[in-house]
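Spelled out from the first residue to the last, the chains are:
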Amino acid sequence: MRLRRVWVRHREKLLVAALLVLTGIIMTSPKPLARLVRQEEEGVVLVDGLRKKNYHDYNYMKLETQQRGLGEQGAGATLPTGLEKEKDEFYKVNGFNARLSDEIALNRSLKDIRHPKCQKYLYLAELPTAAVVVPFHNEHWSTLLRTAFSAYNRAPKHLLKEIILVDDASTKDFLGIKLDNFLRENLPIARVVRLPSRWGLIRARLEGAKHAKADVLIFLDSHTECTTNWLPPLLEPIAQNYKAAVCPFIDVIDFETFEYRAQDEGRRGSFDWEFYYKRLPLLAEDEANMPMPFKSPVMAGGLFAISSKFFWELGGYDPGLDIWGGEQYELSFKVWQCHGVMYDAPCSRIGHIYRKFAPFPNPRKDNFIARNYRRVAEVWMDDYKKYLYMRQPGWLQTDTGDISEQLAVRERNKCKPFQWFMENVAFDLAKHYPLIEPPDYCNGTIQSLADPKLCIDSKMKGQFERLDSLGECSASSQFQFQLTAYKDLRPLKSHNCWDVPDLQAKHAPVLLFGCHKGLGNQMWKYDMENYLIRFGHDGTHCLDSSTLNREIFVSRCDMTSQTQKWKWSFFNEERLRNYDNLDPRP
């Protein structure tokens, strides 16, 4: 009678247990059954036969909506008056508005800017544990700690096993004992590993990985902020296939105001044939499945997850790569060519501060970046390396050092040739970034016909800076420009293009921004009959100038205006006449 009462009362649980034993999912030990029942009580459900779970921390999310203060909800902020001198001093050593960062809470709230479907997604109830590895060199106090706190606060605590901060020979006093004590008292899950000398970003990541004890390694940069439920989307593809590497969407934290905003809604990682990181359009099936993880040929760099097992099967990073440069290509090629897969996960979003300028001096006397690039090319790219050397013949004069161990990694893992990568993974790369560049429409100096002694002067400005100068014409490189086959306009050999983000102003400014193939606000055309440099698809706005103030800007086209007339030192008449029929995009 007693057994009957037990059966009636618990028959559903007993039937589930019996079924699992019969199918080999659990053994007869009661421990797995106890875990199963407990997790079901916590909201585990079956989805297509898989046990899934909602990992959102709704209590923490509610608390975030109630936070008030400077920079909360990821809003842009400004410093209180009277701190300009401190701001300038902090800028010089950090390349961003570090003084403002100190006014913003270490656990500031962020808006949830994920795709709406991400809020409803369930992930596998059994996910691997993660170790976050953050290398840093003289990182600012509040940005470093905000990286660690955001990773911890917005992650399921049972999945985040450790946070390892790797100090690459920092010289700032507060990054020593003060940091150790602060973490011990406020964030004991985090600890610092210190390197004896400046090893560089790549080797610092390697050292951090050696200290990690979790199933999955997650590498972050030292001035980032993790957003709502960022961790499960990175872990699930690895739980399904340990040879998967997974990257989050990387958003922008403004270097001046600390506003958190989306960089874009997803494109596939790529490169050009000088090893500049580029992006490829999403495939139609990826757009249709958004925001599910989608395959990407190349990772952006320092933010990604990979199983510890697979990472070490690949030999980790090549330890012969020095400081930084080329490491994202090396690891991306390794993952794909050595039978892995790489995804971008739209439901994991992490913000990154892109510095206004690099504040650190060159830590080496030689060209370590060229050597890094050549090591990657010689080990992984087979005959395709010649397209790099066509553009950068100086790399051939660089000694790679010993690459025998890296070649052994390739042999040991029976890795595929680079041609396989180009044909099966980056199959559309050459359409966007041809192996051999098509010729420019125009290049050389751009002379003002309103005052022929004046030409456009780049003043060697970089990304995010305004291009606004006319100067005395010269053969100097700062006066040399290209209207490329991609219909963008840029300083000679630059990867920053003329960009007009806002046409509402009467005199719209021209900025320098990372080139994206003449699309949208980077499309230009030279009207050689009328000497106009037209902007945009409709060509109703033109490059204009004030010769009195020696400034350039964009305004409505006026065929009678002499200040809108420009003469290139070279233009390809045949290509310009076929401009509308020549489209570098597939």
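Residues numbered from 1 in each chain as written. Predicted model: local features only at pLDDT ≥ 70, side-chain atom pairs only at ≥ 80, totals over all residues. Heavy atoms only, no water.

**Student:** What is the right way to read the overall build of the protein from this model?
**Tutor:** Looking only at helices and strands, the protein features 18 helices and 28 strands. Dimensions of the protein, computed from C-alpha atoms along their principal axes, come out at roughly 105 × 60 × 50 Å. Counting only residues that meet the buried cut, the protein has 53% of its 586 residues in that class. As displayed, the protein has an accessible area near 27,200 Å², and 53% of this comes from carbon and sulfur atoms. Considering the protein, the positive charge centre built from 80 side chains and the negative charge centre built from 75 side chains are found 5 Å apart. (Helix = DSSP H or I, 4+ residues; strand = E, 2+ residues; numbered from the N terminus. Buried < 20%, exposed > 50% of the residue type's maximum accessible area, 1.4 Å probe, protein only. Areas by Shrake-Rupley, 256 points an atom, 1.4 Å probe, with all protein chains shown as cover. Lys, Arg positive; Asp, Glu negative; His and termini not counted. Charge placed at Lys NZ, Arg CZ, Asp CG, Glu CD.)

**Student:** Before we go on, may I ask you to explain the sheet that holds strand S27 (residues 551-556) in this structure?
**Tutor:** Paired through their backbone hydrogen bonds, the strands of a sheet run either parallel or antiparallel. Pairing is antiparallel across the open sheet formed by four strands, whose spatial order is S24-S25-S26-S27. A strand with exactly one partner marks an edge of an open sheet, and here the two such strands are strand S24 (524-527) and S27. Strand after strand, the sheet turns through a mean of 40° between neighbouring axes, direction not considered. With two bridges joining them, strand S25 (residues 532-535) and strand S26 (residues 541-546) adopt antiparallel strand pairing. Paired with Phe535 across the strands is His541, a residue of S26. (Pairing = 2+ DSSP bridges. Axes fitted to C-alpha atoms, helices over the stretch in contact; angles between N-to-C directions.)

**Student:** Honestly, the confidence of the model for the protein in this entry has me stumped. Any pointers?
**Tutor:** Note that predicted coordinates carrying low pLDDT should not be read in detail. Residues of the protein with pLDDT of at least 70 account for 91%, and the chain-wide mean is 89. Across residues 1-41, confidence stays below pLDDT 50; counting only partners more than four residues off in sequence or on other chains, it has 22 contacts. (pLDDT = per-residue confidence, 0-100. Contact = heavy atoms within 4.5 Å.)

**Student:** How should I be thinking about the state of the cysteines in this particular structure?
**Tutor:** By definition, a disulfide links the sulfur atoms of two cysteines through a covalent bond. The final tally for this structure, using the stated rule, is five disulfides. Disulfide pairing is shown between Cys118 and Cys347; the S-S distance is 2.0 Å. On the sign convention where negative means left-handed, the S-S torsion of about -85° between Cys118 and Cys347 marks this disulfide as left-handed. One end of the pair, Cys118, is in the loop between helix H5 (98-101) and strand S3 (123-124); the other, Cys347, is in strand S15 (residues 341-353), with 229 residues separating them in the sequence. Taking relative accessible area as the criterion, Cys347 reaches 3% and is therefore assigned buried. Counting only the cysteines that take part in disulfides, in the order they occur along the protein, gives the pairing 1-3, 2-4, 5-6, 7-8, 9-10. Distance from the sulfur of Cys247, which forms no disulfide, to the nearest cysteine sulfur (Cys226) is 14 Å. For Cys442, which is in no disulfide, the shortest distance to another cysteine sulfur is to Cys542 and amounts to 14 Å. (Disulfide = S-S within 2.5 Å.)

**Student:** Sorry if this is basic, but what is going on with the side chain of Glu330 here?
**Tutor:** With respect to the helices and strands, the residue Glu330 is situated in helix H12 (residues 327-337). Here the side chain of Glu330 touches Asp318 through a polar contact of 3.1 Å, landing on its backbone nitrogen. Not counting residues up to four positions away in its chain, the partners in contact with Glu330 are Gly316, Tyr317, Asp318, Leu321, Val376, Trp380 and Gln406. (Polar contact = N/O pair within 3.5 Å; in protein donor to acceptor, adjacent residues only side chain to side chain.)

**Student:** Got a minute to help me understand the packing of aromatic side chains in this structure?
**Tutor:** Between two aromatic rings, the relevant description is the distance of the centres plus the angle of the planes. Scanning all chains against the criterion turns up 35 aromatic pairs. In this structure an aromatic cluster arises from ring pairing among Phe271, Trp273, Phe275, Tyr329, Phe333, Tyr373, Tyr384, Tyr387, Trp395, Phe418 and Phe421. The positively charged end of Lys157 is found above the aromatic ring belonging to Tyr152, 4.8 Å away from the centroid. Seen from the ring of Tyr579, Lys487 lies directly overhead, with NZ or CZ sitting 4.2 Å from the centre. (Phe/Tyr/Trp six-rings, centres within 6.5 Å; stacked < 30°, edge-to-face > 60°. Lys NZ or Arg CZ within 6 Å of the ring centre and 35° of its normal.)

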